[in-house]
Amino acid sequence: MNVTRQDDRIDPATFLSIMSAFPAGIAVITTLNENAQPVGLTTTALCSVSADPPALLVCVDRASRTLPSLLSRKEFVVNFLRESGSATSILFASKKDDKFSAVRWRPRPGGLPILTEDSLAWADCSLLEAVPVGDHVVLIAQVREGDVSPPAHEPLVYFQRRFGTWTPLVDGEEKP
Ligand SMILES: Cc1cc2nc3c(=O)[nH]c(=O)nc-3n(C[C@H](O)[C@H](O)[C@H](O)COP(=O)(O)O)c2cc1C
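As the structure is a computational prediction, the values presented were derived from the model and not from experiment.

Engineer: With reference to specific residues and values, describe the overall build of the protein chain.
Structural biologist: For the protein chain, the helix and strand inventory stands at 3 helices and 12 strands. Taking 16 Å as the expected radius of gyration for a compact globule of 176 residues, we find that the protein chain reaches 17 Å, a close match to that expectation. Overall size of the protein chain, expressed as C-alpha extent along the three principal axes, is 45 × 40 × 35 Å. Put simply, the protein chain has 176 residues, and 35% of those count as buried. Put simply, of all contacts in the protein chain between residues at least 6 apart along the chain, 62% involve residues at least 24 apart. Carbon and sulfur atoms make up 56% of the accessible area of the protein chain, which amounts to about 11,200 Å² in all. When the 17 positive and 21 negative side-chain charges of the protein chain are each reduced to one mean point, those points stand 6 Å apart.

The following block contains the structure:
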């Protein structure tokens, strides 16, 4: 389904302020570049798309230096950060050349890098579709493999441009 671009729209700064009122988990997307070197970026624009087949999406800025590798490699790992990961998040939000020299990681079979220290869960994905929307590209991917750490850690959360963590109030499966 195609949606026509409309001209009645708010300014980008207001839009970003509105979206910053929606708390998000933080994930580092990792892949390999054309020289088989690990590359990656910090993201919050990520969500589940389908349970069967398992699919997720992540929106990547066209200006991202990791994007060409994501599009050519057509596979990546989503590393969901835990509360200890704010420095890792800032590192992967930078334009540093060798982001991986400052973090613990290991190659998966096939070589995709996975962050081993600051992750709460990871998902190994293969790209299904790349849809350009405005200044971002929406990457829709099928999840091939993944794992979750035992529930000893809290997630890293981003809200109104600040890092924080999770405070549980009510069990989400309880009926009101
Ligand atoms: C908390 C946080 C969330 C971010 N979320 C996204 C995102 O969802 N998509 C995106 O393209 N960039 C996002 N960024 C910005 C990128 O991480 C940043 O542009 C980074 O420098 C990209 O690295 P690269 O150019 O090496 O790929 C986010 C940054 C921060 C700090």
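Okay, back to it.
Engineer: Outline the side chain of Asn 79, supporting the account with residue identities and numerical values.
Structural biologist: The residue Asn 79 is located in strand E6 (residues 75–81) in this model. A polar contact of 3.1 Å, which involves the side chain of Asn 79, links it to the side chain of Thr 30.

Engineer: How would you sum up the sheet that holds strand E1 (residues 24–25)? Please name residues and give values.
Structural biologist: Strands sit in the order E1-E11-E12 across an open sheet of 3 strands; the sheet is antiparallel. Every interior strand has two partners, whereas the edge strands, E1 and strand E12 (162–164), have only one. Strand direction decides the pairing type here: E1 and strand E11 (residues 157–159), joined by 2 bridges, are antiparallel. In the strand pairing of E11, Ala 24 is matched with Tyr 158.

Engineer: Give me a nonpolar patch on the surface: which residues, what numbers.
Structural biologist: A surface patch of nonpolar side chains, amounting to about 620 Å² of accessible area, comprises Ile 10, Phe 15, Leu 16, Ile 18, Met 19 and Phe 22. Structurally, Phe 15 can be placed in helix H1 (residues 12–20). A relative accessible area of 43% means that Phe 15 is categorised as partly exposed.

Engineer: Explain the site of the ligand to me, and be specific about the residues and the numbers.
Structural biologist: In the vicinity of the ligand there are 18 residues, among which Asp 61, Ser 64, Arg 65, Thr 66 and Lys 95 approach most closely. Counting residues per element, the ones that place at least two in the shell around the ligand are strand E3 (38–43) and strand E5 (54–61). The residue inventory of the shell around the ligand, partitioned by class, reads 7 nonpolar, 7 polar and 4 charged.

How each quantity is defined
- Residues numbered from 1 in each chain as written.
- Predicted model: local features only at pLDDT ≥ 70, side-chain atom pairs only at ≥ 80, totals over all residues.
- Heavy atoms only, no water.
- Helix = DSSP H or I, 4+ residues; strand = E, 2+ residues; numbered from the N terminus.
- Rg over C-alpha atoms; globule rule 2.2 N^0.38 Å.
- Buried < 20%, exposed > 50% of the residue type's maximum accessible area, 1.4 Å probe, protein only.
- Contact = heavy atoms within 4.5 Å.
- Areas by Shrake-Rupley, 256 points an atom, 1.4 Å probe, with all protein chains shown as cover.
- Lys, Arg positive; Asp, Glu negative; His and termini not counted.
- Charge placed at Lys NZ, Arg CZ, Asp CG, Glu CD.
- Polar contact = N/O pair within 3.5 Å; in protein donor to acceptor, adjacent residues only side chain to side chain.
- Pairing = 2+ DSSP bridges.
- Patch = residues over 30% accessible without salt bridge, like charges linked within 9 Å, V, L, I, M, F, W, Y side chains within 5 Å.
- Salt bridge = Lys/Arg side-chain N within 4 Å of Asp/Glu carboxyl O.
- Near = heavy atom within 4 Å.
- Nonpolar A, V, L, I, M, F, W, Y, C, P; charged D, E, K, R; others polar.

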